[in-house]
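# Coordinate analysis (summary)
Listed below are the residues making up each chain.
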Amino acid sequence: MRYIITTFCLLFSAFNASALESHESSAYYTKKQNVNIGDVYTFQEHGSWQTLKVLDTHSDEVNSTTVHVLIYRPRAEKPTLKSLRTMSIMTYHAPLSHELFTSDWLYIGNSTPLSTELKPYINYLKHNNFKKYAAATGQKVDDLIFRANTQYTKGYALSQAAQYEQAIEAYTQAIKIFPLYYEAIDNIGFAYMDMGEFEKAIEYFDRSLSVYPQGVTALYYKGMSYINLEDINNAIETFKLGIETFPKQRQAFEEMYHSLVELTH
């Protein structure tokens, strides 16, 4: 297992958190080509007005733009910037393609997102774009990585001392700091295996694979956990998946797969 996390090279734009006063469009409901943070759009559908506020935008290397928005509950009355204050929120964060902003969407004006409105989006960044999360929260990636590694090292030492519950807590703290730390997630799975809690181990190996689908170790020990549960069918399917997914590690998965298949005949 690695002790040092390699920082992901993620493209990101600087997050604008400055407080600006809300302002109404001088031409109410004018169409607008560019989408900016704080822009509020609406359109009418089946007698109800659907309204959203732009929290952020992100363009990737192939110039595909994602617009992150907050969505208000539909209402019968036409919305205004002033009425936003009393409108209830249906979804605090949803990523949408820029292409979805068709001519049906009408521009109301601009209202800078409040800190309370941004919290779910910030949490999304923490799990999906860690570098941008650090920038948005005024933190340094290197500092966060150092803190996560400190907890990981503590957890590893506790695991070696067979203090598994304390080790799990340390690894959990590492993951709270850096949710993409799949090695720490794997080690929680190993700790649960050592404690004989194989269903919990599988839960964490699945979680690790959701973060890092290339996780050979997580998939292999997921299969081993099924064996310990005497769930041979799921163990066979897991090792079969390993054969198909990881050709370079094919031999390790094949040995377990063929051994289990022979047991069932």
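Up top is the structure.
Right, let's walk through the structure included here. Remember, predicted model here, so these are calculated numbers, not experimental data.

Once that is clear, we can look at unusual backbone geometry. The backbone of H46 sits at a positive phi, close to 55°, despite the residue not being glycine. Here H46 lies in the loop between β2 (39–45) and β3 (48–59). Note on H46: relative accessible area 80%, which makes it exposed. The phi torsion at A162 lies on the positive side, around 60°, for a residue other than glycine.

Okay, the nonpolar core next. In this structure, F178, Y181, A184, I188, F239 and F253 are the most contacted members of the largest nonpolar core, which totals 57 residues. Ranked by the residues each element gives to this core, the list is headed by helix α4 (residues 164–177), at 7 residues. Ignoring any residue separated from it by four or fewer positions in sequence, one finds F239 in contact with Y220, G223, M224, I227, F253, M256, Y257 and L260. Core analysis: the second largest hydrophobic core is formed by 11 residues, F43, V69, W105 and Y107 among them.

Turning our eyes to something else, we now look at the pattern of salt bridges. One pass over the full model with this rule turns up 6 salt bridges. K53 is the salt-bridge partner of E117, the closest N and O atoms lying 3.0 Å from each other. One end of the pair, E117, is in helix α1 (residues 115–128); the other, K53, is in strand β3, and 64 residues separate them in sequence. Its relative accessible area of 2% is what places K53 among the buried residues.

All right, on to the side chain of K132 then. Mapped onto the elements of the fold, K132 is located in helix α2 (residues 130–136). What makes K132 buried here is its relative accessible area of 1%. At 2.6 Å, the side chain of K132 and the side chain of D56 are in polar contact.

This part covers the packing of aromatic side chains. Taken as a whole and assessed by the stated rule, the structure comprises 17 aromatic pairs. Consider the rings of Y182 and Y212, whose centres lie 4.0 Å apart with planes at 10°: the pair is stacked. Placement of the pair is Y182 in helix α5 (residues 182–194) and Y212 in the loop between α6 (198–211) and α7 (216–228), with a sequence separation of 30 residues. Taking 6.2 Å as the distance between ring centres and 55° as the angle between the ring planes, the aromatic pair formed by F239 and F253 counts as tilted. Residue F239 is found in helix α8 (residues 232–245), and its partner F253 is found in helix α9 (residues 250–263); the two are separated by 14 residues along the sequence. F253 carries the same exposure label as F239, and that label is buried. Grouping aromatic residues by their ring pairs yields a cluster made of F190, F205, Y220, Y221, F239, F246 and F253.

The next point concerns the pairing of strand β4 (residues 65–72). Alignment of β3 against β4, held across 7 bridges, turns out to be antiparallel. Across the sheet, residue S59 finds its bridge partner in β4, namely T65. Bridge analysis of β4 against strand β5 (residues 89–97) gives 6 bridges, and the strand direction is antiparallel. Paired with T66 across the bridge in β5 is S97.

Bringing the pairing of β2 into the picture now. Most of β2 is tucked away, with 5 of its 7 residues classed as buried. Here 4 bridges tie β2 to strand β6 (residues 106–110), and the two strands are oriented antiparallel to one another. Looking at β6, one finds that T42 is bridged to L106. When β2 meets β3, the two strands line up antiparallel, connected through 6 bridges. When the sheet's bridge partners are listed, T42 is paired in β3 with T51. Once β2 ends, the chain turns through 2 residues before running back antiparallel as β3, passing H46 with a positive phi of about 55°.

Basis of the calculations
Residues numbered from 1 in each chain as written. Predicted model: local features only at pLDDT ≥ 70, side-chain atom pairs only at ≥ 80, totals over all residues. Heavy atoms only, no water. Helix = DSSP H or I, 4+ residues; strand = E, 2+ residues; numbered from the N terminus. Buried < 20%, exposed > 50% of the residue type's maximum accessible area, 1.4 Å probe, protein only. Core = buried A, V, L, I, M, F, W, Y, C linked by side-chain atoms within 4.5 Å. Contact = heavy atoms within 4.5 Å. Salt bridge = Lys/Arg side-chain N within 4 Å of Asp/Glu carboxyl O. Polar contact = N/O pair within 3.5 Å; in protein donor to acceptor, adjacent residues only side chain to side chain. Phe/Tyr/Trp six-rings, centres within 6.5 Å; stacked < 30°, edge-to-face > 60°. Pairing = 2+ DSSP bridges.

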